[in-house]
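Each chain, letter by letter, is given below.
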Amino acid sequence: MTLASASGAWLEGALGLLYPPVCQLCGEDRATAGEGYVCDRCRNRPGAVRWITAPYCDRCGLPYDGAVTGQFECGHCAGLDLHFRRARAAVVATDLILRVVHAYKYHRAVWFEPFLAGLLVQAALPELRRESWDGIVPVPLFPVKEREREFNQSARLAARLSAAAGIPLETRVVCRRRPTQTQTQLSRSARAENMRGAFAPTGVEWPRGGRVVLVDDVLTTGATTSACARALRLAGAADVCVWTVARGQWST
Ligand SMILES: [Zn+2]
Ligand SMILES: [Zn+2]
């Protein structure tokens, strides 16, 4: 078993044996495998971990400064045809969070996984417990990309949330039909176009019913999760809500 394919508890045990308990961001303070090798000082630095609390857009979860009472939908969502009912994220995609996500996702820094999954679980669990859900679905990667990268970060985070929430993990209902361009440099409309038709139902029968939590690492414009939610709806899901670790901002 490689570290990238190891499951949660096994991973932390193995990492604890392999690496000294030192923070992998500052290299100074103590941080254990269970903490994802991110120390308290790095977590508590101003602006490092910013939990998303109300008020936020009821649809896309975009946080707002200032007072908003009652439910509201932000200006970005008003003109969009989003295929999920709503999206929520645990934290703002700050520099620290993006740095950790990047290392985890592209450089297989699996030691950060308990940190990222911990943020997701801590924020999502109380919310998920208010309703009943039939399955947790990760945003799939194109198979070639998954082989190159050796793991799907969304699938790993979804598995952690599934275990914590006691909601079954479902990875067979939708697939990625084609590889897509990296979206970081694309405008909002270009992202939507880039994702059009990227996901499809696999034909595997939906086994349990229709209320689904779709999981990804970062939500920026919602183009990826919306396209994936559309495929889930085509596969028979009655309701799709999205949870991500972080919420990014876009400038265009
Ligand atoms: Zn540190
Ligand atoms: Zn919105």
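The structure we're discussing is the one just above.
The notes below deal with the structure included here. Keep in mind that this is a model prediction, so the values were computed, not measured.

Taken together, the protein donors to the zinc ion (ligand 2) comprise C57 (SG), C60 (SG), C74 (SG) and C77 (SG), at separations of 2.3 Å. If you look at the zinc ion (ligand 2), its four donor atoms make angles of 98 to 115° with each other, and the shape they trace is tetrahedral. Mapping the donors of the zinc ion (ligand 2) onto the primary sequence gives the spacing C-x2-C-x13-C-x2-C. Of the two residues, C57 sits in the loop between α2 (40–44) and α3 (75–78) while C74 sits in the loop between α2 and α3, which places them 17 residues apart along the sequence. In this pair, the class of C57 matches that of C74, namely buried.

Rolled over the atoms, a probe sized like a water molecule indicates the empty space that remains. Taken as a whole, this structure holds two cavities of 30 Å³ or more when the rule is applied. Every residue lining the largest cavity is listed: R86, A87, R88, E127, L128, E131, W133, V213, C241, V242 and W243. Counting residues per element, the ones that place at least two in the lining of the largest cavity are β1 (86–92), α5 (113–128) and β6 (239–247). Among the residues forming the lining of the largest cavity, the class breakdown is seven nonpolar, no polar and four charged.

Turning to the packing of α5 against helix α7 (residues 153–165), a few remarks are in order. At a minimum axis separation of 9 Å, α5 and α7 run at an interaxial angle of 45°. It follows that α5 is oblique to α7 by the angle criterion. α7 is crossed by α5, and the crossing has right-handed handedness. Only R156, L157, R160, L161, A164 and A165 of α7 make contact with α5, whose side of the interface consists of E113, P114, L116, A117, L120, V121, A124, L125 and L128. Each residue belonging to the contact of α5 with α7 can be placed in one class, and the counts come to 12 nonpolar, no polar and three charged.

For any two helices packed against each other, the geometry comes down to the angle between their axes and how far apart the axes lie. It is at 9 Å that the axes of helix α8 (residues 188–195) and helix α9 (residues 223–234) come closest, and there the two elements cross at 35°. Judged by the twist between their axes, the crossing of α8 over α9 is right-handed. For the pair α8 and α9, the contacting residues are R191, A192 and M195 in the first and A223, T224 and A227 in the second. When its residues are assigned to classes, the contact of α8 with α9 shows four nonpolar, one polar and one charged.

Applying the stated criterion across every chain yields a total of four aromatic pairs. Ring geometry for Y104 and F151: centres 5.3 Å apart, planes at 45°, overall tilted. Residue Y104 is located in helix α4 (residues 95–106), and its partner F151 is located in the loop between α6 (143–149) and α7; the two are separated by 47 residues in the primary sequence. Over the ring of F151 we find R156; its NZ or CZ atom is 5.6 Å from the centre of that ring. The ring centre of W133 lies 4.4 Å from the NZ or CZ of R211, which sits over that ring.

Attention shifts here to α5. In this model α5 runs 21 Å from its N-terminal to its C-terminal C-alpha over 16 residues, within 8% of the 22 Å that 1.5 Å per residue would give. At V121, α5 shows its maximal kink, close to 25°. Of all 16 residues in α5, 12 are buried, a share of seventy percent or more. Here α5 has its buried residues at E113, P114, F115, L116, A117, L119, L120, V121, A123, A124, L125 and L128.

Moving on, we come to the layout of surface pockets. As a volume, the largest pocket reaches approximately 860 Å³. Around the largest pocket, the lining is made up of 40 residues, and of these K105, Y106, Q183, T184 and T220 lie nearest the centre. Secondary-structure elements contributing two or more residues to the lining of the largest pocket are α4, α6, α7, α8, β5 (211–219) and α9. Sorting elements by how many residues they give to the lining of the largest pocket places α4 first, with five residues. Of the residues belonging to the lining of the second largest pocket, the class tally is 10 nonpolar, five polar and four charged.

This part takes up the coordination of the zinc ion (ligand 1). Taken together, the protein donors to the zinc ion (ligand 1) comprise C23 (SG), C26 (SG), C39 (SG) and C42 (SG), at separations of 2.3 Å. Within one chain, the residues donating to the zinc ion (ligand 1) are spaced in sequence as C-x2-C-x12-C-x2-C. By relative accessible area, which is 1% here, C23 ends up buried.

Reading the values: the criteria
Residues numbered from 1 in each chain as written. Chains lettered and ligands numbered in written order. Predicted model: local features only at pLDDT ≥ 70, side-chain atom pairs only at ≥ 80, totals over all residues. Heavy atoms only, no water. Donors = N, O, S within 2.8 Å, 3.2 Å for Na, K, Ca; no water. Tetrahedral: all angles 85-135°; square planar, octahedral: opposite > 155°, others 65-115°. Helix = DSSP H or I, 4+ residues; strand = E, 2+ residues; numbered from the N terminus. Buried < 20%, exposed > 50% of the residue type's maximum accessible area, 1.4 Å probe, protein only. 1 Å grid on protein atoms, 1.4 Å probe; cavity = no way out; pocket = protein on both sides within 12 Å on 5 of 7 lines; lining within 4 Å. Points joined across faces, edges and corners; volume = space filled by probe spheres on them. Nonpolar A, V, L, I, M, F, W, Y, C, P; charged D, E, K, R; others polar. Axes fitted to C-alpha atoms, helices over the stretch in contact; angles between N-to-C directions. Parallel < 35°, antiparallel > 145°, perpendicular 65-115°, else oblique. Left-handed = near helix turned anticlockwise from the far one by under 90°. Contact = heavy atoms within 4.5 Å. Phe/Tyr/Trp six-rings, centres within 6.5 Å; stacked < 30°, edge-to-face > 60°. Lys NZ or Arg CZ within 6 Å of the ring centre and 35° of its normal. Expected span 1.5 Å × (residues − 1). Bend = angle between axes of the 7 residues up to and from the residue.

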